[in-house]
Amino acid sequence: MNYKNRRDQLLDLVRTQHASYQGPIVLFSPCDSAYRSFVQESNFYYFSGIIEPASVMVISQDKQVFYKPAYTDTRAQWVDSAADITQNNIQEQGFDDLQVTGKIFPSVHVYPYFDYATYENITALLSDLIRDGKKIFTIYPSNSYQAIEIRAVVDRLAQVIPNLHDHIIDISAQTAQLRRKKEMVELELLYKAAEITANAHQAAMHMLKPGRNEAEVQATLEFVFAEQGACAAYPSIVAGGPRGTILHYSTNNQPLLDGQLVVVDAGARYNYYCADVTRTYPVSGKFTAEQKQLYELVLECQELVAEQAKPGMWLSNKDEQELSLHHIALNFFKKHGYEKYFTHSIGHFLGLDVHDVGDVSRPLQEGDIITIEPGLYIPEKQLGIRIEDNYWIVDQTTPVCLSEAIPKSIQAVEEMVQQSFDVDL
Ligand code: GLY
Ligand code: MN
Ligand code: MN
């Protein structure tokens, strides 16, 4: 990945779109916790490739500087995260300089309520910019759910930097614009995530039989993720029978019964790139006639939508319904009398985040990666069915399905599940 090139592109975009303001781009990584593994914030990762908490990038036309906390050497005895950030390897990533965020920090983790001395140099730098009437271009969206951990760093610094918020200009839209169009090297990682996910679903299918617990299926999926250098991109869903109607069910602790369907929504995250795939399997290895009819409806809907997923179409646009993938799905289910059972949207962008950034008010374009995930959730029949795949929007032809290796025809699914019954697992 050419991270320097990405940062340069971001500089160009921000300069063009905010021509009347001056100031550097300042990107923060989240603080740390001793009780869960550190996950880098997606924008920080996209523009640096560096997995290090409590760090800061200061990017301007003439200089790009990486700041890390001034840990003592003993930190390496405790954590394996990028303790080897050196002047040399930072220059390989296209930075001009490596500096420290503040005073020597004698502990191992920088927690969200950090001591201000830890960020003393950053505080001085931001205060100087404010004094000089400059702006600070950073990720600070106004919604309630994005970039929370890095907004927390800014908010903490604002306690000691008067008027900090007044000088911030949010650049989430510009970072999203760059991240939306995937580069070839990103495509390779998305393919790899889909391949690992295919292996995991295959193992999960072989696990199924009446009496098996949802937890065992989840463990199988996540064993394959871990064994192949990945992890779960989001909480895996293994939802038997009526629990299949709960869209974000993840307790995964109930027995799977003969005659039930099980919704398995699980995807790998590989080198930070995500897959998001759902299959619905018959626990007994055979769909009932009614399950088969509903399953085929969902599959037909997915095929209909996928055929039309090309540049110029929208993921969802209520004013242009014939160009809107969501409304094509909704109208398909309506025609068959099932629209009230399709209770979520048809899909989303996919990338470093499972629900990746991207402006949904603009139509699809080449290089987009999306999910297409129609589903029917019918509490009175105690069943849910979802089929979800990951697609690469290429040109005016049908999109490329990254997850096509995972069987989904009735016959293939039944055969795969039945194969496990001959093996005593
Ligand atoms: N697994 C989350 C989703 O399908 O959007
Ligand atoms: Mn999804
Ligand atoms: Mn999903």
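Because the structure is a prediction, the values reported are computed rather than measured. (Residues numbered from 1 in each chain as written. Chains lettered and ligands numbered in written order. Predicted model: local features only at pLDDT ≥ 70, side-chain atom pairs only at ≥ 80, totals over all residues. Heavy atoms only, no water.)

The next point concerns the overall build of the protein. Check the secondary structure of the protein and you find 11 helices and 17 strands. Its C-alpha atoms give the protein a radius of gyration of 24 Å, within 12% of the compact-globule value 22 Å for 425 residues. Counting only residues that meet the buried cut, the protein has 55% of its 425 residues in that class. Total accessible area on the protein stands at roughly 18,700 Å², and carbon and sulfur atoms take up 50% of it. (Helix = DSSP H or I, 4+ residues; strand = E, 2+ residues; numbered from the N terminus. Rg over C-alpha atoms; globule rule 2.2 N^0.38 Å. Buried < 20%, exposed > 50% of the residue type's maximum accessible area, 1.4 Å probe, protein only. Areas by Shrake-Rupley, 256 points an atom, 1.4 Å probe, with all protein chains shown as cover.)

Another aspect to go through is the sheet that holds strand E13 (residues 369–372). Spatially, E13-E16-E17 is the arrangement adopted by the three strands of the open sheet, whose pairing is antiparallel. Where the open sheet ends on each side, the last strands, each with one partner, are E13 and strand E17 (400–401). Sheet topology note: the E13/strand E16 (residues 389–392) ladder contains four bridges and is antiparallel. Considered in E16, the bridge of Ile370 is made with Tyr391. (Pairing = 2+ DSSP bridges.)

As a further point, take the coordination of the manganese ion (ligand 2). Taken together, the protein donors to the manganese ion (ligand 2) comprise Asp276 (OD), His348 (NE2), Glu373 (OE) and Glu388 (OE), at separations of 2.1 to 2.2 Å. One can describe the site at the manganese ion (ligand 2) as irregular: its six donor atoms subtend angles covering 51 to 158° at the metal. In terms of primary sequence, the donors binding the manganese ion (ligand 2) are separated according to D-x71-H-x24-E-x14-E. Separating the manganese ion (ligand 2) from the manganese ion (ligand 3) is a gap of 3.4 Å, bridged by Asp276, which donates to each. (Donors = N, O, S within 2.8 Å, 3.2 Å for Na, K, Ca; no water. Tetrahedral: all angles 85-135°; square planar, octahedral: opposite > 155°, others 65-115°.)

What follows covers the pattern of salt bridges. For side chains of opposite charge, pairing can occur when their charged atoms come near one another. If you walk through the whole model with that rule in mind, you get 20 salt bridges. The closest approach of N and O atoms between Glu214 and Arg243, which form a salt bridge, is 2.6 Å. Of the two residues, Glu214 sits in helix H8 (residues 214–227) while Arg243 sits in the loop between strand E8 (237–240) and strand E9 (261–265), which places them 29 residues apart along the sequence. Per residue, the accessibility class of Glu214 equals that of Arg243, and both read buried. In the salt-bridge network here, residues are joined through shared partners; they are Arg179, Lys182, Asp353 and Asp356. (Salt bridge = Lys/Arg side-chain N within 4 Å of Asp/Glu carboxyl O.)

Below, the discussion takes up unusual backbone geometry. The residue Asn252 is not glycine, and still its phi comes out positive at about 50°. Its location among the elements puts Asn252 in the loop between E8 and E9. The buried category is assigned to Asn252, whose relative accessible area is 2%. At Asn271, a residue that is not glycine, the phi angle is positive and equals roughly 50°. Among the secondary structure elements, Asn271 is positioned in the loop between strand E10 (268–270) and strand E11 (273–274). When its relative accessible area of 42% is taken as the criterion, Asn271 is described as partly exposed.

Let us now look at the site of ligand 1. Near ligand 1, the surroundings consist of Tyr234, Asp265, Asp276, His348, His355, Glu373 and Glu388. In this structure, an oxygen atom belonging to ligand 1 sits 3.1 Å away from a side-chain N or O atom of His348. Interatomic distance of 2.7 Å between a side-chain N/O atom of His355 and an oxygen atom of ligand 1. For ligand 1, the accessible surface in isolation is 190 Å², of which the surrounding protein chains cover 88%. Along the lines of polarity and charge, the residues of the shell around ligand 1 split into one nonpolar, two polar and four charged. (Near = heavy atom within 4 Å. Polar contact = N/O pair within 3.5 Å; in protein donor to acceptor, adjacent residues only side chain to side chain. Nonpolar A, V, L, I, M, F, W, Y, C, P; charged D, E, K, R; others polar.)

Bringing the coordination of the manganese ion (ligand 3) into the picture now. Protein coordination at the manganese ion (ligand 3): the donors are Asp265 (OD), Asp265 (OD), Asp276 (OD) and Glu388 (OE), at 2.1 to 2.4 Å from the metal. The site at the manganese ion (ligand 3) holds six donor atoms, and with the angles between them running 55 to 168°, its shape is irregular. Sequence positions of the donors to the manganese ion (ligand 3) reduce to the motif D-x10-D-x111-E. Its relative accessible area of 7% is what places Asp265 among the buried residues.

Take Leu208: it is sitting in the loop between helix H7 (184–207) and H8. The exposure class of Leu208 is buried, given its relative accessible area of 1%. The spacing of Leu208 and Val264 is 56 residues in sequence and 11 Å in space, taken between C-alpha atoms. Among all residues touching Leu208, those that are not within four sequence positions of it are Val217, Leu256, Val262, Tyr281, Val283, Val417, Ser420 and Phe421. (Contact = heavy atoms within 4.5 Å.)

When the UniProt feature table is mapped to this numbering, "domain: Peptidase M24" (unreviewed entry) covers residues 189–393. End C-alpha to end C-alpha, residues 189–393 measures 16 Å, and it is 31% helix and 18% strand. (UniProt positions renumbered as here; feature names shortened; annotations may be inferred.)

A word on the sheet that holds E10. Strands belonging to one sheet form pairs held by backbone hydrogen bonds; the direction of such a pair is parallel or antiparallel. Pairing is antiparallel in the open sheet, where three strands are placed in the order E7-E10-E11. Two strands bound the open sheet, and with one partner strand each, they are strand E7 (231–232) and E11. Relative to E10, E7 runs antiparallel, the two sharing two bridges. Residue pairing in the sheet places Cys231 in a bridge with Arg269 of E10. Where H7 meets the sheet, it contacts E10 and E11, and its direction lies at approximately 145° from that of E10. (Axes fitted to C-alpha atoms, helices over the stretch in contact; angles between N-to-C directions.)

Turning to the pairing of strand E1 (residues 25–28), a few remarks are in order. Residues Ile25 and Leu27 of E1 are buried on one face, and the alternating residues Val26 and Phe28, pointing to the opposite face, are buried as well. As judged from the four bridges shared by E1 and strand E2 (residues 56–59), these two strands associate in the antiparallel manner. The residue of E2 that forms the bridge with Leu27 is Met57.

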